[in-house]
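Below are the chains, spelled out letter by letter.
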Amino acid sequence: MMTSAMGAVIGPDAHAAGTHHARHKVAGNPEAEPENEDSIVAIVNGSVLTKRDVDTRGRLFALSSGLDVSDDVMNRLRPQIVRQLIDERLRMEAMLERHINVPVAQIAAAIAGIEHRNNMPENSLRNQMAQDGVSLTTLIDQIRVQVGWSQVLRMETGSRGRITATEIQQRIDALKREDGKPQYMISEIFVPVEDPHHPETELKFTETIIQELREGAPFPIVAAQFSQSQSALEGGLLGWTQEDSLDPEVVEVARKMPDGAISNPIRVAGGYVIATVNSRRTVGHEMATIVSIRQAFLPFTQPLNPQDPTDQQKQTLAQANDISGKVKSCDELEALNKKFGEKHPSDPGEVRVDRMNPQMRAVLDELAVGQPSHPLVSMDGIAVLMVCKREERNVALQTPSEIADQLLNERVEQTSRQLDRDLHRRAVIDMRSKS
């Protein structure tokens, strides 16, 4: 028997804390579609939106949330699903007008990103969709619009999208003045309100989403499905944000709510926000342990069965034990990794220890600089790690590049909300059914 100290090799997913195992039922039975599934819900500039479109998007949410979504909950979600699908039709028209085509590889990367942010195994989302009778096209269409809309906004922003050195310095100076004040790693779901005088439908939708989140629906999944903010592609994550960059109403809630809690609906200009604070710090102050590591990865020729390892896998473990006992430097380990085909990168980049999963953190915490780890067995091979450098660093100091990205995101978000309003004003939308 070959036991695994951990199913881990350092790579992009090294910080993941677990796997999404929640089971669910999809509201409605896809094999027993209602007779009027092709009834018209709305016509958007001549493009027909059917009950089937709405039902399918609802099933996608039920599946991806990992929860039992009742028919009552789904009925409360339907009006906003219709609104979102109408927005997507308008955004798709804007993409076509600008001849924007989203490559398949970009869509695949976005799906992989959703799985990664929710600690889901690769391809698990699409596999579950197939199992539950939800067409992958539903997810692809949604992501195509999200990615293409980002390109529309970059074009619309134009020269205003160039962040100058002066603007970056102004933000740096502002951060210095904010030194010691709160800063939040915050995620949001933004739900726009169509008629500010009658926000009842959107409020009801927001309250329903909050209920699902508090029952365990993953925030990044729900944000990707329903948020109309540009942060939706990132699962709603805004990154480290100081108070003067947030709506005052959101700041008031963020100051009081515990980390990880789901806010009540927050009324802001243009709509409602659902917020969660992932963590917080003071501006300019956050110490963390950063390590630079190297690894040698010895691949298996077939996936490991821990109860019945092959001769090649036994030999690979013996090799790894030999390397662990003899290697003396990071350079040696890097050379060995190249010798074994470099199936995983020798240098996975600097790693923040407190953001890693507990098993990997335990391994690195025990290693002195220059000390090789014991063999770490995974399904596809065995890794030996070494810490090359360990240092305490103030990670709260934002680089000019990070500040430029933040400024650009704020500008693009403003453009998005304005362009959405313009598209609605110009559109001819014929609502045929409340379904």
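Conventions we followed
Residues numbered from 1 in each chain as written. Predicted model: local features only at pLDDT ≥ 70, side-chain atom pairs only at ≥ 80, totals over all residues. Heavy atoms only, no water. Phe/Tyr/Trp six-rings, centres within 6.5 Å; stacked < 30°, edge-to-face > 60°. Helix = DSSP H or I, 4+ residues; strand = E, 2+ residues; numbered from the N terminus. Buried < 20%, exposed > 50% of the residue type's maximum accessible area, 1.4 Å probe, protein only. Axes fitted to C-alpha atoms, helices over the stretch in contact; angles between N-to-C directions. Parallel < 35°, antiparallel > 145°, perpendicular 65-115°, else oblique. Contact = heavy atoms within 4.5 Å. Nonpolar A, V, L, I, M, F, W, Y, C, P; charged D, E, K, R; others polar. Core = buried A, V, L, I, M, F, W, Y, C linked by side-chain atoms within 4.5 Å. Expected span 1.5 Å × (residues − 1). Polar contact = N/O pair within 3.5 Å; in protein donor to acceptor, adjacent residues only side chain to side chain. Pairing = 2+ DSSP bridges. pLDDT = per-residue confidence, 0-100. Left-handed = near helix turned anticlockwise from the far one by under 90°. Salt bridge = Lys/Arg side-chain N within 4 Å of Asp/Glu carboxyl O.

Our next topic: the packing of aromatic side chains. Under the definition given, this model contains two aromatic pairs. Their ring planes at 80° and their centres at 5.3 Å tell us that Phe205 and Phe226 sit as a pair that is edge-to-face. Placement of the pair is Phe205 in helix H7 (residues 200-214) and Phe226 in helix H8 (residues 219-226), with a sequence separation of 21 residues. Classification of Phe226 as buried rests on a relative accessible area of 3%. One aromatic cluster is present, formed by Phe61, Phe205 and Phe226 through successive ring pairs.

Turning next to the packing of helix H6 (residues 165-177) against helix H13 (residues 400-426). Packed helix pairs are specified by the crossing angle of their axes together with the interaxial distance, meaning the distance between the axes. Contact geometry of H6 with H13 gives a least axis separation of 10 Å together with a crossing angle of 100°. In terms of orientation, H6 and H13 fall into the roughly perpendicular class. For the pair H6 and H13, contact is made by Glu167, Ile168, Arg171, Ile172 and Leu175 and by Pro400, Ile403, Ala404, Gln406, Leu407, Glu410 and Arg411, respectively. Taken together, the residues that form the contact of H6 with H13 break down as seven nonpolar, one polar and four charged.

What follows covers the environment of Val193. Mapping Val193 onto the fold places it in the loop between strand E3 (182-192) and H7. Other than its neighbours up to four places away in sequence, Val193 contacts Arg83, Pro199, Glu202, Arg267, Gly270, Gly271 and Tyr272.

Core analysis: the biggest nonpolar cluster contains 54 residues, and Leu77, Ile143, Ile189, Ile209, Leu213, Val222 and Ile274 have the highest contact counts within it. No other element matches helix H2 (residues 71-97), which puts 10 residues into this core. Setting aside anything within four residues of it in sequence, one finds Ile189 in contact with Ile209, Leu213, Phe219, Val222, Ala223, Ser227, Tyr272, Val273 and Ile274. Residues Leu304, Leu336, Val377 and Val384 belong to the second largest nonpolar core, which totals 15 residues.

Spanning 14 residues, helix H3 (residues 104-117) covers 20 Å between terminal C-alpha atoms, matching the ideal 20 Å at 1.5 Å per step. Burial in H3 covers these residues: Ile107, Ala110, Ile111, Gly113, Ile114 and Glu115. Packed against the buried residues of H3 are helix H4 (124-131), helix H5 (136-157) and H8. Asn119 occupies a position one or two residues after H3 and carries a positive phi of about 55°.

The next point concerns the side chain of Ser263. Along the chain, Ser263 falls in the loop between helix H9 (248-256) and strand E5 (266-268). Polar side-chain contacts of Ser263 include one of 2.9 Å to the backbone nitrogen of Ala275. Setting aside anything within four residues of it in sequence, one finds Ser263 in contact with Ile210, Arg214, Val253, Met257, Val273, Ile274 and Ala275.

Before going further, it helps to spend a moment on the sheet that holds strand E8 (residues 351-352). Pairing within the open sheet is antiparallel, and its four strands lie in the order E8-E7-E10-E9. Edge positions in the sheet fall to E8 and strand E9 (376-378), since each of these pairs with one other strand and no more. Direction of pairing for strand E7 (residues 287-299) relative to strand E10 (residues 381-394): antiparallel, over a ladder of 13 bridges. Among the inter-strand pairings, Val291 is bridged to a residue of E10, identified as Arg390. Taken strand by strand, helix H11 (residues 330-339) contacts E7 and E10, and its axis lies near 40° from that of E7.

A separate point is the confidence of the model for the protein chain. Averaged over every residue, the pLDDT of the protein chain is 84; residues scoring 70 or more account for 90%. When pLDDT is averaged over each element of the protein chain, E5 comes out on top at 96 and H4 at the bottom at 80. Contacts from residues 3-35, a stretch scored under 50 in pLDDT, to residues over four places away or in other chains number 85 contacts.

It is at 10 Å that the axes of helix H1 (residues 51-65) and H4 come closest, and there the two elements cross at 125°. With respect to H4, the element H1 is oriented oblique. In this structure, H1 meets H4 at a crossing whose hand is right-handed. Contacts from Leu60, Leu63 and Ser64 of H1 reach H4 at Leu125, Gln128 and Met129. Classifying every residue of the contact of H1 with H4 gives four nonpolar, two polar and no charged.

As summarised here, the arrangement of the three strands in space is E2-E1-E11, forming an open sheet in which the pairing is antiparallel. Edge positions in the sheet fall to strand E2 (47-50) and strand E11 (429-431), since each of these pairs with one other strand and no more. The sheet shows a mean angle of 20° between the axes of neighbouring strands, taken without regard to direction. Sheet topology places strand E1 (residues 40-44) next to E2; four bridges connect them, and they run antiparallel. Of the residues in E2, the one forming a bridge with Val44 is Ser47.

With that out of the way, let us pick up the environment of His116. On the secondary structure map, His116 appears in helix H3. Between the C-alpha atoms of His116 and Ala94, which are 22 residues apart in sequence, the distance is 30 Å.

What follows deals with the pattern of salt bridges. Within the structure shown, the criterion is met by 27 salt bridges. Across the pair Glu413 and Arg417 runs a salt bridge whose closest N-O atoms are separated by 3.1 Å. Highlighted residues: Glu413 and Arg417, both in helix H13, separated by four residues, approximately one helical turn. Taken together, the shared-partner salt bridges connect Lys51, Asp55 and Arg78 into one network.

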